[in-house]
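Single-letter residue listing:
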Amino acid sequence: MLGTRAASLAASLSVACATAPARALPFDARESGRSGCYPAQMGDRRAADRDASPASGKTLGAAWSCGLWVVFVAIGLLLYRAALDGPFINDDRHYLTANVYTAEANLENVVAILDPTGPAKLTTVNYAPVHLLFSMAERTAFGDATRGYHVVNVLLHAINCVVLIALLMAGGLARAPALIGGLLFAVHPANVEAVGWISQSKTLLAFGLCVGALLLLHRRPLWATVCYALALLTKFLALPIVFVAAALAWARPAESARAHTVRWLVVWVAIALLVAVPQVGAFLQGGAFEYAPFEDPAVQFRTIAAIGARYLVMASTGYGVACFHEPLPVLTWTNRWWLLSLPLAVFLLGCLVVSLRARSPQGAFWVMAATSFAPISQVWPFFYGMADRYLYFILPGLIGGAWLLCEASIERFACGRARALRRAAAGFLLLLAAWFALGSLARAPLWSDDDYVYLDAARAYPRGSSARYIEAVNAAHAGDVRAAVAALRAGEGDRPLSEVRPLSADPRLAPLFGTREFADYVRELAVARIELARRGGYETPSWLRSVGSAHEALGHYDEAIAVYERAIRMEPPEKSILLRDLERARRARREALFDDRGADTTPR
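Rules of the game
- Residues numbered from 1 in each chain as written.
- Predicted model: local features only at pLDDT ≥ 70, side-chain atom pairs only at ≥ 80, totals over all residues.
- Heavy atoms only, no water.
- Salt bridge = Lys/Arg side-chain N within 4 Å of Asp/Glu carboxyl O.
- Helix = DSSP H or I, 4+ residues; strand = E, 2+ residues; numbered from the N terminus.
- Buried < 20%, exposed > 50% of the residue type's maximum accessible area, 1.4 Å probe, protein only.
- Axes fitted to C-alpha atoms, helices over the stretch in contact; angles between N-to-C directions.
- Parallel < 35°, antiparallel > 145°, perpendicular 65-115°, else oblique.
- Contact = heavy atoms within 4.5 Å.
- Nonpolar A, V, L, I, M, F, W, Y, C, P; charged D, E, K, R; others polar.
- Expected span 1.5 Å × (residues − 1).
- Arc of directions from axis to C-beta.
- Core = buried A, V, L, I, M, F, W, Y, C linked by side-chain atoms within 4.5 Å.
- Left-handed = near helix turned anticlockwise from the far one by under 90°.
- Phe/Tyr/Trp six-rings, centres within 6.5 Å; stacked < 30°, edge-to-face > 60°.

(A) Examining the pattern of salt bridges more closely. Within the structure shown, the criterion is met by 19 salt bridges. Arg-443 is the partner of Asp-456 in a salt bridge, and the nearest nitrogen-oxygen pair spans 2.9 Å. Of this pair, Asp-456 sits in helix 19 (residues 450-460) while Arg-443 sits in helix 18 (residues 418-443); the two residues are 13 residues apart in sequence, bridging distant segments of the chain. Two residues, Arg-589 and Asp-558, come together in a salt bridge whose shortest N-O distance is 2.8 Å. Of the two residues, Arg-589 is situated in helix 26 (residues 575-598) and Asp-558 in helix 25 (residues 557-568); the sequence distance between them amounts to 31 residues. Among the residues examined, Asp-558 registers a relative accessible area of 47% and is labelled partly exposed. Each of Arg-516, Glu-517, Asp-520 and Arg-523 takes part in one network of salt bridges that share partners.

(B) Broad picture of the packing of helix 20 (residues 465-477) against helix 21 (residues 481-492). Packing of helix 20 against helix 21 leaves a shortest axis separation of 8 Å and a crossing angle of 170°. Taken together, helix 20 and helix 21 sit at an angle that is classed as roughly antiparallel. Contacts between helix 20 and helix 21 involve Ser-465, Arg-468, Tyr-469, Glu-471, Ala-472, Ala-475 and Ala-476 on the former and, on the latter, Ala-483, Ala-484, Ala-487, Leu-488, Ala-490 and Gly-491. Class assignment for the residues of the contact of helix 20 with helix 21 results in nine nonpolar, two polar and two charged.

(C) Structural view of helix 21. Relative to the 16 Å expected for twelve residues at 1.5 Å per residue, helix 21 spans 17 Å between its end C-alpha atoms, a close match to the ideal helical length. All of the buried residues in helix 21 are Val-481, Ala-484, Val-485, Ala-487, Leu-488, Gly-491 and Glu-492. Take helix 21 and look down its axis: the buried residues cluster within an arc of 155°, on one side only.

(D) Structural detail: unusual backbone geometry. Non-glycine residue Arg-359 carries a positive phi angle of around 55°. In this fold, Arg-359 is placed in the loop between helix 15 (336-357) and helix 16 (362-373). At Gln-378, a residue that is not glycine, the phi angle is positive and equals roughly 85°. By the element assignment, Gln-378 lies in the loop between helix 16 and helix 17 (391-413). Using a relative accessible area of 4% as the deciding quantity, one classes Gln-378 as buried.

(E) The nonpolar core, seen in detail. Membership of the largest hydrophobic core comes to 123 residues, with the highest contact counts inside it found for Trp-268, Tyr-311 and Trp-447. Take this core: its biggest share by element is 16 residues, from helix 7 (residues 146-170). Every residue in contact with Trp-268, bar those within four places of it in the chain, is listed here: Ala-213, Leu-217, Ala-224, Thr-225, Tyr-228, Ile-241, Val-242 and Ala-245. Judged by nonpolar contacts, the second largest core, of 35 residues, contains Phe-518, Ile-530, Val-547 and Ile-561.

(F) Expanded view of the packing of helix 7 against helix 17. The geometry of helix 7 relative to helix 17 is characterised by a closest axis approach of 11 Å and an angle of 30° between their N-to-C directions. With respect to each other, helix 7 and helix 17 are oriented roughly parallel. For the pair helix 7 and helix 17, the crossing hand works out as right-handed. Along the contact surface, helix 7 presents His-157, Asn-160, Leu-164 and Leu-168, while helix 17 presents Tyr-392, Pro-396, Ile-399 and Gly-400. Looking at side-chain class alone, the contact of helix 7 with helix 17 contains five nonpolar, three polar and no charged residues.

(G) How the structure looks around the packing of aromatic side chains. This structure, assessed with the given rule, holds 15 aromatic pairs. Ring plane angle 50° and centroid distance 5.7 Å describe the contact between Phe-324 and Tyr-454, whose orientation is recorded as tilted. Note that Phe-324 is positioned in the loop between helix 14 (297-317) and helix 15 and Tyr-454 in helix 19, a separation of 130 residues in sequence. Judged by its relative accessible area of 25%, Tyr-454 falls in the partly exposed class. Taken together through their ring pairs, the aromatic side chains of Trp-197, Phe-324, Trp-447, Tyr-454 and Tyr-469 make up a single cluster.

Fair warning: the whole summary comes from geometry, so function is off the table for now.
The following block contains the structure:
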């Protein structure tokens, strides 16, 4: 089974990374010398020796790594048992059920997926060949049986927990606090989306490869570079890890070692720039940059800060998790999330600056949190600019930075109460982990049914598009056509970009079919879709099919036929589907001509 082999290979990589010498990530040798409780000059040689060694050479070891992986797999299967048979949901069709390139494992599809200039990247609006190849392997192994996909995600998440523990230990934490950090990550309710949503295997794969690259960079720089390249080719949001690696290099006590690492990081940057070319091309051709809701820079600035505050609250408490986030732009200076962001930003910026000035590995974790937030912060606006799954990269940085800050503070100020305070902190975090686990248990069933996902989104954002869609369905079945169409319009807001074809065939909206109000709304969407494609110059088969269906909805059958024929001439994998669309458009044109010629024009 290809999926099983992929999971086994990933597990082997996790063991190799977790057992890599932790000297790759140095501990700050200077912090204890400034400590008010354990000054080296007062004779505490054990503290001085410990701090003088880079991370004390601490590693998990192969036995610990394998044992922890088994434990985290068991925890994952327990937490996600209600979602293990959940169906393909939403974006899963772009990667699996409706993706012609992952449907069959053959050389032609492999070449198409790897081609940076080909149309395969437009099916997902991302150049992510590693993930598409992984999805191809899963489809070959599991077909339509979703349990296999879900179990693989649990296995990958367990691997990520193990390598995160290795990273925390390499950054200077003892084994016990590192284990607690890994446990918090394992059971956090925000991670339910990344693990429970089948197609988010891309997030799980990319994160594991990123941490593997960090762990291997000093001792095995070539393998670390391979991991980083694979991570970029899995999910381009892996890009910021190069800044984390740079922060770790900055913390290295030996200048020669830093120079050696920097040379390899130049290679990382070159790889990132190469991958960015097809990635940006996919964004441009797929319309990812078409959403620009911020006309006022002040509104955008406040919204970015408010989203950051939401993530921090979600990370520390689990509050605010939702399947589909739709936070509104922050229009006023008195918004509560914007106001909360101010002290949080000052505190985190202070932690970042102080730790980097001290050349402490703590700074690298704060860099991980900050740089992972930057690309999804709405600096470059896109649809659904906030998501639980985006916390998957941010959360480890917050865990590592906060733990190392706590350790430094205890050692500096606690004096004789250090052991008691460490135990108190560990006890509190274990209680927090239990709270998170309960939250994950409650959220896992959402991914057992796509209706539950939309209901959860409507609960979290009662003015969002999911809530409006549910309102429209309820109104349609109650016979209130006007209210249903009004709800659909409200859900679209100022971005009427829904595709005509799925909307017109949605069985939940069947009571609206044939009504004048719904027909008018579909025509509005068709005009918007055609204009968007024209303005963006989108000429891919999938976009042309969308435009063709829009022309059909408007009764422009000649235009629809011409668009379908243009798409068919590209010889796309979905050619058979386009041929059916073409035949339908031709049939509709013949019927329209017959109706016109057969109409009774005799005066009455």
